[in-house]
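What follows is each chain in one-letter form.
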Amino acid sequence: MAEEDEEIELNVAELTVKALHERLGECPAGAQVHLKASERLHGLGAGLEQGLSLAISGDVGDFAFLMSDQVDVDVKGHAGVGCGHSFVSGSVLIRGTAGDCLGAYATGGFIAVHGTAGKRCGLGLAGADVFVRSAVGDEAGYNMSAGTLVLGNGAGENVGYGMTGGLIYVRGEVKSVSESARQVRMKDAESLRLGLFLARAGIKAGGADFRVYRARQELKV
């Protein structure tokens, strides 16, 4: 068994998907794991909860880091559908693009994509912070109830459809905003939070060009 904080290298080409998940599950808390991915992997890192740091060279497939908790991930590649679905805590950085339903139903943590993302980005978002630097598809923020969705370069149709809570920040062109969402004046506290958010995502820019949207009728809990 590796010592805490030891660096571990795993070559995906030498492991089956099942064996890879078993190896990841055996890594101790605090381990820094380097994956040399040579193919798309579905469900990579699903359910991890022991506080790992993952550095991945290559693409990851659908539902990567599903329900993961206390993990920090840096993917030098692209991600498929449902990346960060039901994510609990930690962080995911995708340096390429992401598919549909990025961060769906995520309750905590920070998910950032430097490229584009597909439709229904932030589907059912329930407390996590999600950032996409480039454009996203239709229905971003679909049914979100809490958390923050920051879109750095526009969005498709029906932004905020069915949203009942949380905040959506958008810079750039939006094809249409759902009747479920309303644009509001950005308060000083929200502007400060956005600036800190962008800094965390590695973006050296202020939030002056962003618009902010809330649910038209926020759900009272």
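Look a little higher up for the structure.
Values in this document were obtained by computation on a predicted structure and should not be read as measured data.

Some thoughts on the sheet that holds strand E10 (residues 181–184)
Here is step 1 of the chain: If you walk across this open sheet you meet the 11 strands as E1-E2-E3-E4-E5-E6-E7-E8-E9-E11-E10, and the pairing is mixed. Where the open sheet ends on each side, the last strands, each with one partner, are strand E1 (7–11) and E10. On average, each strand axis in the sheet is tilted by 15° relative to the strand beside it, whichever way the strands run.
Here is step 2 of the chain: Running over the sheet, helix H1 (residues 17–26) touches E1, strand E2 (32–36) and strand E3 (53–57) and is turned about 175° from E1.

So, the pairing of E1
Within a regular beta strand, the side chains point alternately toward one face of the sheet and then the other, so they alternate between its two faces.
Here is step 1 of the chain: The alternating pattern of E1 places Ile8 and Leu10 on a buried face and Glu7, Glu9 and Asn11 on a face that is not buried.
Here is step 2 of the chain: In terms of strand pairing, E1 meets E2 through 5 bridges, oriented parallel. By the bridge assignment, Asn11 is partnered in E2 with Lys36.
Here is step 3 of the chain: In the classification by handedness, the crossover that spans E1, the intervening H1 and the parallel E2 is right-handed.

Things to note about the nonpolar core
Here is step 1 of the chain: Phe65, Leu102 and Leu151 are the most contacted members of the largest nonpolar core, which has 51 residues in total.
Here is step 2 of the chain: The contacts of Leu151, once residues within four sequence positions are left out, are Cys121, Val132, Val136, Ala140, Ile168, Tyr169, Val170, Arg171 and Phe210.
Here is step 3 of the chain: Grouped together as the second largest cluster of nonpolar side chains are 16 residues, Ala112, Phe131, Val184 and Leu194 included.

So, the environment of Ala79
Here is step 1 of the chain: Structurally, Ala79 can be placed in the loop between strand E4 (71–76) and strand E5 (90–94).
Here is step 2 of the chain: When the C-alpha atoms of Ala79 and Lys36 are compared, they prove to be 15 Å apart, with 43 residues separating the residues in sequence.

Some details on the packing of aromatic side chains
Here is step 1 of the chain: This model, assessed by the stated rule, comprises 3 aromatic pairs.
Here is step 2 of the chain: Through a chain of ring-to-ring contacts, the aromatic side chains of Phe110, Phe131 and Phe197 assemble into a single cluster.
Here is step 3 of the chain: Its guanidinium or amino end placed over the ring of Tyr142, Arg120 lies 3.7 Å from that ring's centre, counting from NZ or CZ.

Considering the environment of Phe87
Here is step 1 of the chain: Mapped onto the secondary structure, Phe87 falls in the loop between E4 and E5.
Here is step 2 of the chain: Those residues within four positions of Phe87 in sequence are excluded, and the remaining contacts are Phe65, Met67, Ser68, Val71, Val92, Ala106, Thr107, Gly108, Gly109, Phe110 and Ile111.

Notes on the pattern of salt bridges
Here is step 1 of the chain: Inspection of every chain in the model, using the stated rule, returns 6 salt bridges.
Here is step 2 of the chain: Notably, a salt bridge pairs Arg95 with Asp74, separated by 2.8 Å at the nearest N-O pair. One end of the pair, Arg95, is in the loop between E5 and strand E6 (110–113); the other, Asp74, is in strand E4, and 21 residues separate them in sequence.
Here is step 3 of the chain: Assessed through its relative accessible area of 40%, Arg95 is described here as partly exposed.
Here is step 4 of the chain: Note that Asp129 and Arg193 form a salt bridge whose closest N and O atoms lie 3.7 Å from each other. Here Asp129, found in strand E7 (residues 126–132), pairs with Arg193, found in helix H2 (residues 188–200); they are 64 residues apart in sequence, far enough to count as distant.

Reading guide: rules and limits
Residues numbered from 1 in each chain as written. Predicted model: local features only at pLDDT ≥ 70, side-chain atom pairs only at ≥ 80, totals over all residues. Heavy atoms only, no water. Pairing = 2+ DSSP bridges. Helix = DSSP H or I, 4+ residues; strand = E, 2+ residues; numbered from the N terminus. Axes fitted to C-alpha atoms, helices over the stretch in contact; angles between N-to-C directions. Contact = heavy atoms within 4.5 Å. Buried < 20%, exposed > 50% of the residue type's maximum accessible area, 1.4 Å probe, protein only. Right-handed = clockwise from strand over helix to strand, strands pointing away. Core = buried A, V, L, I, M, F, W, Y, C linked by side-chain atoms within 4.5 Å. Phe/Tyr/Trp six-rings, centres within 6.5 Å; stacked < 30°, edge-to-face > 60°. Lys NZ or Arg CZ within 6 Å of the ring centre and 35° of its normal. Salt bridge = Lys/Arg side-chain N within 4 Å of Asp/Glu carboxyl O.

Function cannot be read off these values alone, since they describe shape.
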